[in-house]
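Okay, here's what each chain looks like letter by letter:
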Amino acid sequence: MNLSLCGSGFLGIYHIGVAKALINHAPVFLSKIDRVGGASAGALVGAILVCDPNKLDLCRKFNLDQADALHKKLLGGWTPRYNVLKPVKEFMITHMPEDSYKKANNTLYISLTKLVKGSYSNEVMSTYSSNRQLFECLYATCYVPLYVGGTFPVIDGHKFIDGGLTNNLVTFNEGRTVTVSPFSGDQDICPADDKRRKFIRIGRQNFGISNANRIRFQHALSPPHKDKLLEYYDDGYFDAVSFLKKEGFYEK
């Protein structure tokens, strides 16, 4: 069985809520997960889940602190010469275990967009020779051009950017992939908006066309205040619990 967490910016806090629910109420389900796919913030949370799930609470605090830091910037994440991903890289270096790359090998699948001579294609990384290479992939999958300052990430001589642009929801050919999204859509774990809505497909993911999703997209890059972010966290937790109960995976 596989688990896939979509790209979501600051709404990655929803994924943290989902991951927390899985740990608290579905240890058997988690033990059956062979692969975790992720793009952007989904890859970051996937990395924590795979490498050191005990850091999920710290990860939630980091998300809230980062949002608070952006609120103090006149133009938020668009502030000139401000690299919103620099603290993310520092967090990984400081808090992730020294053997993270070993735990992530053939378990964590990171969606990246590869740039070659004016064209682009999706590439999913799953093998890492060191923590440095793992962190480079995690940094690159979150790198949104124009929004993030600094130069384009380079891995093994190639430029990479946000994986969500070409594949926002990694799926696998073998086994069932349980999909997770903080945006309403047709994923296994996601907000339950009006089921009669139409969908739009972006980056290999179906999104419901709704005003609620419009607001969620806005919050992904321009985070709301703490209370609303914590609401997204709670939504992820309870949506995951609902899924577990429906599928028979729930454990008290």
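Above this text sits the structure in question.
Okay, so let's go over this structure. (Residues numbered from 1 in each chain as written. Predicted model: local features only at pLDDT ≥ 70, side-chain atom pairs only at ≥ 80, totals over all residues. Heavy atoms only, no water.)

**Regarding the layout of surface pockets**
Link 1 in the chain: Its volume calculated, the largest pocket comes out at about 790 Å³.
Link 2 in the chain: Ser8, Gly9, Phe10, Ser40 and Ala41 are the residues nearest the centre of the largest pocket, which is lined by 36 residues in total.
Link 3 in the chain: Listed by contribution, the elements that provide at least two residues to the lining of the largest pocket are helix 1 (12-25), helix 3 (41-51), helix 4 (56-71), helix 5 (86-95) and helix 8 (211-221).
Link 4 in the chain: Broken down by class, the residue content of the lining of the largest pocket amounts to 26 nonpolar, nine polar and one charged. (1 Å grid on protein atoms, 1.4 Å probe; cavity = no way out; pocket = protein on both sides within 12 Å on 5 of 7 lines; lining within 4 Å. Points joined across faces, edges and corners; volume = space filled by probe spheres on them. Helix = DSSP H or I, 4+ residues; strand = E, 2+ residues; numbered from the N terminus. Nonpolar A, V, L, I, M, F, W, Y, C, P; charged D, E, K, R; others polar.)

**Description of helix 3**
Link 1 in the chain: For helix 3, the tally of buried residues reaches 11 of 11 residues, placing the bulk of the element in the interior.
Link 2 in the chain: Among all positions in helix 3, only Ala41, Gly42, Ala43, Leu44, Val45, Gly46, Ala47, Ile48, Leu49, Val50 and Cys51 are buried. (Buried < 20%, exposed > 50% of the residue type's maximum accessible area, 1.4 Å probe, protein only.)

**Some words on the packing of helix 4 against helix 5**
Link 1 in the chain: The geometry of helix 4 relative to helix 5 is characterised by a closest axis approach of 12 Å and an angle of 155° between their N-to-C directions. Overall, the two elements helix 4 and helix 5 adopt an arrangement that is roughly antiparallel. Our pair here, helix 4 against helix 5, has a crossing hand that is right-handed. Seen from helix 4, the contacting residues are Leu58, Cys59, Phe62 and Gln66; seen from helix 5, they are Pro87, Val88, Phe91 and His95.
Link 2 in the chain: Partitioned by chemical class, the residues of the contact of helix 4 with helix 5 number six nonpolar, two polar and no charged. (Axes fitted to C-alpha atoms, helices over the stretch in contact; angles between N-to-C directions. Parallel < 35°, antiparallel > 145°, perpendicular 65-115°, else oblique. Left-handed = near helix turned anticlockwise from the far one by under 90°. Contact = heavy atoms within 4.5 Å.)

**Concerning helix 4**
Link 1 in the chain: Along its 16 residues, helix 4 runs 23 Å from first to last C-alpha, staying within 8% of the 22 Å computed at 1.5 Å per residue.
Link 2 in the chain: Among the residues of helix 4, those classed as buried are Leu56, Cys59, Phe62, Asn63, Leu64, Gln66, Ala67 and Leu70.
Link 3 in the chain: Elements in contact with the buried residues of helix 4: helix 1, helix 3, helix 5, helix 8 and helix 9 (226-247). (Expected span 1.5 Å × (residues − 1).)

**Notes on the pairing of strand 7 (residues 177-180)**
Side chains on a regular strand alternate between the two faces of the sheet.
Link 1 in the chain: Side chains Thr177 and Thr179 project from strand 7 onto one buried face, and the interleaved Val178 and Val180 project onto a second face that is buried too.
Link 2 in the chain: Inspection of the sheet shows strand 1 (residues 2-5) paired to strand 7 by four bridges, in the parallel sense. Note that in strand 7 the partner of Ser4 across the bridge is Thr179. (Pairing = 2+ DSSP bridges.)

**Things to note about the pattern of salt bridges**
Link 1 in the chain: Going through the model one piece at a time under the given rule, you end up with 12 salt bridges.
Link 2 in the chain: A salt bridge links Lys72 to Asp68, with the nearest nitrogen and oxygen atoms 3.6 Å apart.
Link 3 in the chain: Note on Lys72: relative accessible area 67%, which makes it exposed.
Link 4 in the chain: Taking the relative accessible area as the measure of exposure, Asp68 reaches 39% and is therefore partly exposed.
Link 5 in the chain: Shared partners join several salt bridges into a network, and the residues in it are Arg176, Asp188 and Glu247. (Salt bridge = Lys/Arg side-chain N within 4 Å of Asp/Glu carboxyl O.)

**Regarding the packing of aromatic side chains**
Link 1 in the chain: Applying the stated criterion across every chain, the model contains 11 aromatic pairs.
Link 2 in the chain: Here Phe29 and Phe249 contribute two aromatic rings whose centre-to-centre distance is 4.9 Å and whose plane-to-plane angle is 45°, an arrangement assigned as tilted. Remark: Phe249 occurs in the segment after helix 9 and Phe29 occurs in helix 2 (residues 27-31); sequence separation between them is 220 residues.
Link 3 in the chain: The class for Phe29 is buried, based on a relative accessible area of 2%.
Link 4 in the chain: A network of ring pairs unites the aromatic residues Phe29, Phe243 and Phe249 as a single cluster.
Link 5 in the chain: If you follow Arg60 out to its NZ or CZ, it ends over the ring of Tyr233, 4.7 Å from the centre. (Phe/Tyr/Trp six-rings, centres within 6.5 Å; stacked < 30°, edge-to-face > 60°. Lys NZ or Arg CZ within 6 Å of the ring centre and 35° of its normal.)

**Considerations on the nonpolar core**
Link 1 in the chain: Ranked by size, the top nonpolar core spans 72 residues in total, and within it Leu3, Phe29, Leu108, Ile110 and Leu138 carry the most contacts.
Link 2 in the chain: Setting aside anything within four residues of it in sequence, one finds Leu138 in contact with Ala43, Leu44, Ala47, Met92, Leu108 and Ile110. (Core = buried A, V, L, I, M, F, W, Y, C linked by side-chain atoms within 4.5 Å.)

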